[in-house]
Amino acid sequence: MTALHLVKEPDPQADRARLFAKAEEISADLARRGAQLDVEGKPPLDEIDRLKREGLLTALHPAGIGGGGLDWVDGLRLVRILARGESSIGQLLGYHFVNSQYVYWAADDPDRAWALGAETVEKRLYWGAAVNPRDPGLTLTRSGDHYLLNGRKTFSTGAHVSDRINASAAFGEAVASLVLPTDRPGYIANDDWDNIGQRLSDSGSVDFRDFPVYESDFLLPLAAKDAAPPVLATFNTPLIQLVFVNFYLGTAEGALAAAADYVRTTTRPWITSGVEKASEDPYILERIGEFRAALKASAALADAAATAVQSALARGRAVTARERGEAAIAAYEAKVNATHVALDITARVFELTGARSTASHYRFDRYWRNVRTHTLHDPVFYKAREVGDFVLNGRVPEPSLYS
C-alpha cells in the first residue's frame, strides 16, 4: 500500500504574521546593539545573513516560487520596522526589495524574470545596484565571445554584501541593462564609506575592472541612449522614494522609543517641575505627544502613498504615464512630509532626555545623523517642487532615476 503524504497548504496570513514577528524580533536586537554597531561602522555581513535566514529578503517574491507573497504596502512596513532598530538595515532591506523586484516589471521576457526570482529565493540572494546617475557611466566593450565592463560607481549601497548587482553601461551608442553576480573577478567593493550617518549601509564605491559580462547577464536588449523605457519599467523611482520615506520614519520612531525609555529610567525631573519623575513632567509629556502624533500622521500618509503606487503597479503593462505620475506624486508628498518630520524629531529628542543623554556612549545622535546623511543625497526641495508643479499646473514628473 502506498503511504499517503499530506502536503501542508500555504497559509498567507500565518506567513505574513511570521515575517512581521521576525522583523520585530530582529529590530529589537538591532536596537540593543545599535550604539556599538554605529561605532564599528562595518559592512553588516552578519545582519544581512540573518535577514536571509529568516526569509525577509524573499518577502515580496511570489508565493508560487517560495517567496512570502507580500505586497509593497507590507514590504515597506517591514522596512520601517527594521529601521526602528538600525536605520541602515532598514535601508538595505528596502533597496534589496526594489532591486530584486525590478526584474519582474522591467524585463521584457517574463520567463527570464521568473527565473531570476526563483534563483533569488532558492539561494537567498541579496540584490544591490551600481546605478548612481551622477557618476560617469560604466562602459562595455566586446572581447571575443563575451564583453568587458569597466568603470566606477559611488554610493553603491550594499557594495560588500550584495550577491547580485543591477547596472547599466554604455555600449557604443547603446545602453545595456545588466544583472551581474558579484563573485566574478573584476568586481571590487572599496572600503571608502566613512560618513557620519548610515554607517552600516555599506554604501562605498565599486570598481569594475575588465569584469566579464555574458549574453545571459543582459536583462533587456540593447537600447538607444535616448529611448524612453516602458512606463512599467519606471516604477523603481517612486518605490525607492517610498523606501526612503519608511526608513526615515522608522529611524524617527526608533529615536522616540529610545528617548522614552531613557526618560522612564534615567532622566531626572527638573528642579522646578514639581514632579517626582521625569515621566510626569508636563513639558516632556507634551513633546512626546506632539512627536507621536506627527509620526502617526506621517506613517498614515506613507501607507496611503504605498497603496497608490501598489495599485498603479498592479495594472501591469496597461498602466499609463499619467497614472504612474499621479502615483509618484503620492510618494513624493509622503517623502516631503517624512523628511521634515524625521529630521525634526531625531534632532529634538534631546529635549526629552536632557544634558546627560549627550554622553557619547549613548550615541543618541546617530538617529539624526542617519536621517541627515541620507536626505542630502536626494534634496527634498526638488520633490516639493514637483508636488507644487502638479498642484498648480497639473504636470506629473518626467520619469528618471530621481523622478
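Okay, so let's go over this structure. Not measured: the values here are computed from a predicted model.

The helix and strand tally for the chain stands at 11 helices and eight strands. Against the compact-globule benchmark of 22 Å for 403 residues, the chain has a radius of gyration of 22 Å, which places it among compact chains. Over its C-alpha atoms, taken along the principal directions, the chain stretches across nearly 80 × 70 × 40 Å. Looking at the chain residue by residue over its 403 residues, the buried ones come to 52%. Partitioning the contacts of the chain with sequence separation of at least 6, the portion at a separation of at least 24 is 77%. As presented, the chain carries roughly 18700 Å² of accessible surface, and 55% of it is formed by carbon and sulfur atoms. Here the chain holds 45 positive side-chain charges and 52 negative ones, and the gap between their average locations is 3 Å.

Okay, the environment of Arg-209 next. Positionally, Arg-209 belongs in strand 7 (residues 206–213). Along the chain, Arg-209 and Leu-70 lie 139 residues apart, while their C-alpha atoms are 38 Å from each other. Beyond its immediate stretch of four places on either side in the chain, Arg-209 contacts Leu-149, Asn-150, Gly-186 and Ile-188. Of the polar contacts made by the side chain of Arg-209, one reaches the side chain of Asp-207; its length is 3.5 Å.

Okay, the packing of aromatic side chains next. Ring pairs (aromatic) are described by centroid distance and by the angle formed between their planes. A full pass over the atoms with the stated rule returns 17 aromatic pairs. Taking 5.3 Å as the distance between ring centres and 5 degrees as the angle between the ring planes, the aromatic pair formed by Tyr-362 and Phe-364 counts as stacked. Through pairs of rings, three or more aromatic residues link up here, namely Trp-72, Phe-97, Tyr-102 and Trp-105. A cation over an aromatic ring shows up here: Arg-142 above the ring of Tyr-147, its NZ or CZ 4.3 Å from the ring centre. Lying over the aromatic face of Tyr-332, Lys-383 brings its terminal NZ or CZ to 4.7 Å of the ring centre.

A word on the nonpolar core. If you look at the biggest cluster of nonpolar residues, it comprises 88 residues, and the most contacted ones within it are Leu-51, Trp-72, Leu-78, Phe-235 and Leu-242. Per-element accounting of this core gives the leading share, 16 residues, to helix 6 (residues 236–265). Listed in part, the 18 residues of the second largest apolar core include Leu-138, Leu-149, Ala-176 and Val-206.

Moving on, we get to the pairing of strand 2 (residues 138–143). In terms of strand pairing, strand 2 meets strand 4 (residues 164–171) through two bridges, oriented parallel. Across the sheet, the residue bridging to Leu-138 is Ala-169, located in strand 4. Note: strand 2 against strand 3 (residues 146–153), five bridges, orientation antiparallel. If you follow Leu-140 over to strand 3, its bridge partner there is Leu-149. Remark: two residues form the turn of the hairpin made by strand 2 and strand 3, two consecutive strands paired antiparallel; Gly-144 in that turn has positive phi of roughly 65 degrees.

Let's shift gears to the environment of Trp-105. In this fold, Trp-105 is placed in helix 4 (residues 87–106). Residue Trp-105 is classed as buried on the basis of its relative accessible area of 6%. Distance in space between the C-alpha atoms of Trp-105 and Asp-46 is 30 Å, their sequence separation being 59 residues. In this view, Trp-105 contacts Trp-72, Leu-232, Ala-233, Phe-235, Asn-236, Leu-239, Leu-313 and Arg-317; residues no more than four positions away in its chain are not counted.

As a packed pair, helix 6 and helix 8 (residues 321–348) sit with axes 8 Å apart at the nearest point and diverge in direction by 25 degrees. Judged on the interaxial angle alone, helix 8 and helix 6 are roughly parallel. Along this stretch, helix 6 crosses helix 8, giving a crossing that reads as left-handed. Contact residues: Thr-237, Pro-238, Gln-241, Leu-242, Phe-244, Val-245, Tyr-248, Leu-249, Thr-251, Ala-252 and Ala-255 in helix 6; Arg-324, Ala-328, Ala-331, Tyr-332, Ala-334, Lys-335, Ala-338, Thr-339, Ala-342, Ile-345 and Thr-346 in helix 8. Of the residues contributing to the contact of helix 6 with helix 8, the split by class is 15 nonpolar, five polar and two charged.

So, on to helix 4. Given a rise of 1.5 Å per residue, 20 residues ought to cover 28 Å, and the 28 Å separating the end C-alpha atoms of helix 4 matches this to within 8%. Extensive coverage of helix 4 is indicated by the burial of 19 of its 20 residues. Between the side-chain oxygen of the N-cap and the backbone nitrogen of Ser-88 there are 2.7 Å, and the N-cap of helix 4 in question is Glu-86.

Basis of the calculations
Per chain, the residues get numbers from 1 upward, laid out in the order the sequence is written. The model is predicted, so local features are restricted to residues of pLDDT at least 70 and side-chain atom pairs to those at 80 or more, both for listing and for counting; the totals for chains, interfaces and linings are taken over all residues. Excluding hydrogens and water, the side-chain figures rest on all heavy atoms present in the structure. Helix numbering and strand numbering both begin at the N terminus, where a helix is a DSSP run of H or I of at least 4 residues and a strand a DSSP run of E of at least 2. Taken over C-alpha atoms, the radius of gyration is set against a globule rule of 2.2 Å times the number of residues to the power 0.38. Residue burial is assigned from relative accessible area. The probe radius is 1.4 Å, only protein chains are included, and a residue is buried under 20% of its type maximum, exposed over 50%, and partly exposed in between. Here, two residues are considered to be in contact whenever any of their heavy atoms come within 4.5 Å of each other. The protein chains shown are the only cover counted for residues, whose accessible areas, like all others here, come from Shrake-Rupley with a 1.4 Å probe. Charge convention: Lys and Arg are scored as positive, Asp and Glu as negative, and His as well as the terminal groups of each chain are ignored. Taken as the charge location is NZ of Lys, CZ of Arg, CG of Asp or CD of Glu. Identification of polar contacts relies on pairs of N or O atoms within 3.5 Å, with a donor-acceptor requirement for protein atoms, meaning one able to donate a hydrogen and the other able to accept it, and with residues adjacent in sequence counted only if both atoms are side-chain atoms. Two rings belonging to Phe, Tyr or Trp (six-membered ring only in the last case) form a pair when the distance between their centres is within 6.5 Å. Interplanar angles under 30 degrees mark stacking, angles over 60 mark edge-to-face geometry, and anything in between is tilted. Ring-over charges, as used throughout, are those where CZ of Arg or NZ of Lys falls within 6 Å of the ring centre and within 35 degrees of the ring normal. Buried residues of nine kinds, namely Ala, Val, Leu, Ile, Met, Phe, Trp, Tyr and Cys, make up a nonpolar core once their side-chain atoms join them within 4.5 Å. In this analysis, strands are considered paired if DSSP registers two or more bridges between them. Every angle, taken between N-to-C directions, lies between 0 and 180 degrees, and every axis is a line fitted to C-alpha atoms, over only the stretch in contact when it is a helix. Roughly parallel covers angles under 35 degrees, roughly antiparallel covers those over 145, roughly perpendicular covers 65 to 115, and oblique covers all other angles. Rotating anticlockwise by less than a right angle from the far helix to the near helix defines a left-handed crossing, while the corresponding clockwise rotation defines a right-handed one. Classification convention: Asp, Glu, Lys, Arg as charged; Ala, Val, Leu, Ile, Met, Phe, Trp, Tyr, Cys, Pro as nonpolar; all other residues, Gly among them, as polar. Working rule for helices: expected span equals 1.5 Å times residues minus one.

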